[in-house]
Amino acid sequence: MPDTISQQQKQKQKKYEAYVKKVTPAHSLPLNMGKAFLTGGIICTLGQFILNTAKSMGADKEAAGTWCSVILILLSVLLTGFNLYSKIGKFGGAGSLVPITGFANSVASSAIEFQAEGQVFGIGCKIFTIAGPVILYGLLSSWILGIFYYILKIMEVIS
């Protein structure tokens, strides 16, 4: 009797494994890498186009960089609001996480998701759930690097 139970369990296990294998999507690493490269490349090319356009209109390097950042953030937030950025992310994977647009998307999507909870506890708190750690670790790492720079400067390793 115990042998039949164990055989039944083995058959169930085999059926389950076959089912999992059937429903699990097959991913092609080279294809996913190509899509990420294409998506990130398009975003970066758009940024370079904005940068070059601003420079050709008479903006200096710093002002052109500011315009580029602002326009990329605006486009990312608009695409998130119209639920298009998630489709870009689904296609391009990590390529859609180019720092400025990916960060703007994550902040905007959390604000949209929790807007029903109100201005302060919904939108305000959830935006800082995403932005807070980025700001914290950015400040912390820049402070630590500043200390290293200061020490190296005192030791006259760097001039």
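For the structure, check the block above.
If you're wondering where the values come from, they're calculated on a predicted model, not measured in any experiment.

With respect to helix 3 (residues 61-81)
Here is step 1 of the chain: Its 21 residues give helix 3 an end-to-end C-alpha distance of 30 Å, which sits within 8% of 30 Å, the value for a rise of 1.5 Å per residue.
Here is step 2 of the chain: Ala64, Cys68, Leu72, Ser76 and Thr80 are the residues of helix 3 that are buried. Taken around the axis of helix 3, the buried residues stretch over an arc of 135°, which confines them to a single face. Away from the buried face of helix 3 by more than 90 degrees, exposed residues Glu62 and Trp67 are located.

So, the packing of helix 2 (residues 29-56) against helix 3
Here is step 1 of the chain: Taken N-terminus to C-terminus, the directions of helix 2 and helix 3 make an angle of 135°; their axes are 8 Å apart at the nearest point. It follows from the interaxial angle that helix 2 and helix 3 lie oblique. Relative to helix 3, helix 2 is oriented so that their crossing is right-handed. Across the interface between the two elements, Ile43, Leu46, Gly47, Ile50, Leu51, Ala54 and Lys55 from helix 2 touch Lys61, Ala64, Gly65, Trp67, Cys68, Ile71, Leu72 and Leu75 from helix 3.
Here is step 2 of the chain: Within the contact of helix 2 with helix 3, the residues separate by chemical class into 11 nonpolar, 2 polar and 2 charged.

Considering unusual backbone geometry
Here is step 1 of the chain: A positive phi angle, close to 60°, is found at asparagine 83, a residue other than glycine.
Here is step 2 of the chain: Residue asparagine 83 is classed as partly exposed on the basis of its relative accessible area, which comes to 47%.
Here is step 3 of the chain: For glutamate 156, which is not glycine, the phi torsion reads 60° and is therefore positive.
Here is step 4 of the chain: With respect to the helices, strands and loops of the structure, glutamate 156 is situated in the segment after helix 6 (119-154).
Here is step 5 of the chain: Under the relative-accessibility criterion, glutamate 156 is labelled exposed at 69%.

Some words on the layout of surface pockets
Here is step 1 of the chain: When its volume is computed, the largest pocket comes out at roughly 180 Å³.
Here is step 2 of the chain: In terms of lining, the largest pocket is formed by Thr39, Ile42, Ile43, Leu46, Leu72, Leu75, Ser76, Leu79, Tyr85, Ile88 and Thr101.
Here is step 3 of the chain: Elements with a contribution of two residues or more to the lining of the largest pocket: helix 2, helix 3 and helix 4 (85-92).
Here is step 4 of the chain: Looking at the lining of the largest pocket residue by residue, the classes come out as 8 nonpolar, 3 polar and no charged.

A few points about the side chain of serine 76
Here is step 1 of the chain: Within the secondary structure, serine 76 sits in helix 3.
Here is step 2 of the chain: Given a relative accessible area of 1%, serine 76 falls into the buried group.
Here is step 3 of the chain: Apart from residues no more than four positions distant in its own chain, serine 76 is found in contact with Tyr85, Thr101, Ala104 and Asn105.

A look at the packing of helix 5 (residues 99-113) against helix 6
Here is step 1 of the chain: Look at helix 5 against helix 6: their axes get within 7 Å of each other, and the N-to-C directions meet at 155°. When the axes of helix 5 and helix 6 are compared, the pair comes out roughly antiparallel. The crossing of helix 5 and helix 6 is right-handed. Note on element contacts: helix 6 touches helix 5 through Ile123, Lys126, Ile127, Ile130, Ala131 and Val134, opposite Phe103, Ser106, Val107, Ser110 and Ala111.
Here is step 2 of the chain: For the contact of helix 5 with helix 6, the class distribution of residues is 8 nonpolar, 2 polar and 1 charged.

Each value, and the rule that gives it
- Residues numbered from 1 in each chain as written.
- Predicted model: local features only at pLDDT ≥ 70, side-chain atom pairs only at ≥ 80, totals over all residues.
- Heavy atoms only, no water.
- Helix = DSSP H or I, 4+ residues; strand = E, 2+ residues; numbered from the N terminus.
- Expected span 1.5 Å × (residues − 1).
- Buried < 20%, exposed > 50% of the residue type's maximum accessible area, 1.4 Å probe, protein only.
- Arc of directions from axis to C-beta.
- Axes fitted to C-alpha atoms, helices over the stretch in contact; angles between N-to-C directions.
- Parallel < 35°, antiparallel > 145°, perpendicular 65-115°, else oblique.
- Left-handed = near helix turned anticlockwise from the far one by under 90°.
- Contact = heavy atoms within 4.5 Å.
- Nonpolar A, V, L, I, M, F, W, Y, C, P; charged D, E, K, R; others polar.
- 1 Å grid on protein atoms, 1.4 Å probe; cavity = no way out; pocket = protein on both sides within 12 Å on 5 of 7 lines; lining within 4 Å.
- Points joined across faces, edges and corners; volume = space filled by probe spheres on them.

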